[in-house]
Amino acid sequence: MKKVIILTRNIIIEQEFQNELQRLDYEVFVLKEFFDVDKPNYFEDILSLFDIVIFSETLTNQEFNEILPIVIEKDMHYLRRTDEPVPNIDENHCLSIDCTLTELREFLLLSDKREGQKESISKGLVRQSEMKKQDLVLFYSSLNNIEKKIIGALAEGSGKIISRDELCNKVWNNEVSKSRLVQMSTAVGNIRKKIAHAHIDNVRIITYWGNGYRLHDVPNGLMNEHIKEYSM
């Protein structure tokens, strides 16, 4: 039985949705006190106990964006209940508040399949990474100094989202300006092109609009280990 946690601002209105999930044989827990002074210091430990995190439609986009990096860092499956498209997350993570029980069942079933596919892909990429060290060498050697600093700073983040200002600080030694941010965006685009040109399938730079960038590499830490090895 999969475990689901619903993050909400109003426990009472979640009762019907909770009942529907329980009818589909999910174990459901509803949590309200997780922000500001009410946020328990064991909040992240609580999340780790569950398979799926569902963000209620009662949460603002700001609240959703504050918690999402924690969920992503833990590589957890998440869904956002909403009555309209949510900027910057794909439809696989958007769950309509108007869906029927049948639609909910099928949506969660597809989500389970996607997670299984991701796990299989990740295992395959771990094996593949051992065969592609030469590609990493060629890729890294193709970067200019600014691009190397950017990929290095993202790699040091160990999969965490790094804000544009923070990344700019790391690359240009605390010098943040509009021109520097534009230069950084251009450099990130060039890095992506070089990743594609080198046929490195297990490394990606993901943009979270309004939040920053995250380096996704399989296995986690692959790029950071390579940079240290290459720099020796």
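Before reading on, note that the structure itself is shown above.
Procedures and definitions
- Residues numbered from 1 in each chain as written.
- Predicted model: local features only at pLDDT ≥ 70, side-chain atom pairs only at ≥ 80, totals over all residues.
- Heavy atoms only, no water.
- Helix = DSSP H or I, 4+ residues; strand = E, 2+ residues; numbered from the N terminus.
- Contact = heavy atoms within 4.5 Å.
- Pairing = 2+ DSSP bridges.
- Right-handed = clockwise from strand over helix to strand, strands pointing away.
- Buried < 20%, exposed > 50% of the residue type's maximum accessible area, 1.4 Å probe, protein only.
- Core = buried A, V, L, I, M, F, W, Y, C linked by side-chain atoms within 4.5 Å.

J.: Could you give an account of the side chain of Thr82, with specific residues and numbers?
T.: Locating Thr82 in the fold gives a position in strand β4 (residues 77–82). Once you skip the residues sitting within four places of it in the chain, Thr82 turns out to touch Cys94, Leu95, Ser96 and Ile97.

J.: Mind laying out the pairing of strand β2 (residues 27–31), listing which residues take part and the relevant values?
T.: Pairing between strand β1 (residues 3–7) and β2: 5 bridges, direction parallel. Bridging from a neighbouring strand, Lys3 pairs with Glu27 of β2. Considered for its hand, the β-α-β crossover made up of β1, helix α1 (residues 15–23) and β2 is right-handed.

J.: Describe the environment of Ser48, listing the residues and the values that go with them.
T.: In this fold, Ser48 is placed in the loop between α2 (43–47) and β3 (52–55). On the accessibility criterion, Ser48 (47% relative accessible area) is partly exposed. C-alpha separation for the pair Ser48 and Asp75, spaced 27 residues apart in sequence, amounts to 9.9 Å.

J.: Can you break down the nonpolar core residue by residue, with the values?
T.: Among the nonpolar cores identified, the biggest contains 29 residues, and Ile150, Ile151, Leu167, Met184 and Met223 are the most heavily contacted of them. Those elements giving two or more residues to this core turn out to be α5 (133–141), α6 (145–156), α7 (164–172), α8 (178–197), β6 (203–208), β7 (212–217) and α9 (222–231). In terms of residues, this core owes the most to one element, α8, which gives 6 residues. Dropping the residues within four chain positions of it, Ile151 is found in contact with Tyr140, Leu143, Ile191, Ile205, Leu215, Met223 and Ile227. Ile5, Ile46, Ile70 and Tyr78 belong to the second-largest nonpolar core, a separate cluster that totals 20 residues.

Read these as layout, nothing more, since geometry by itself doesn't imply function.
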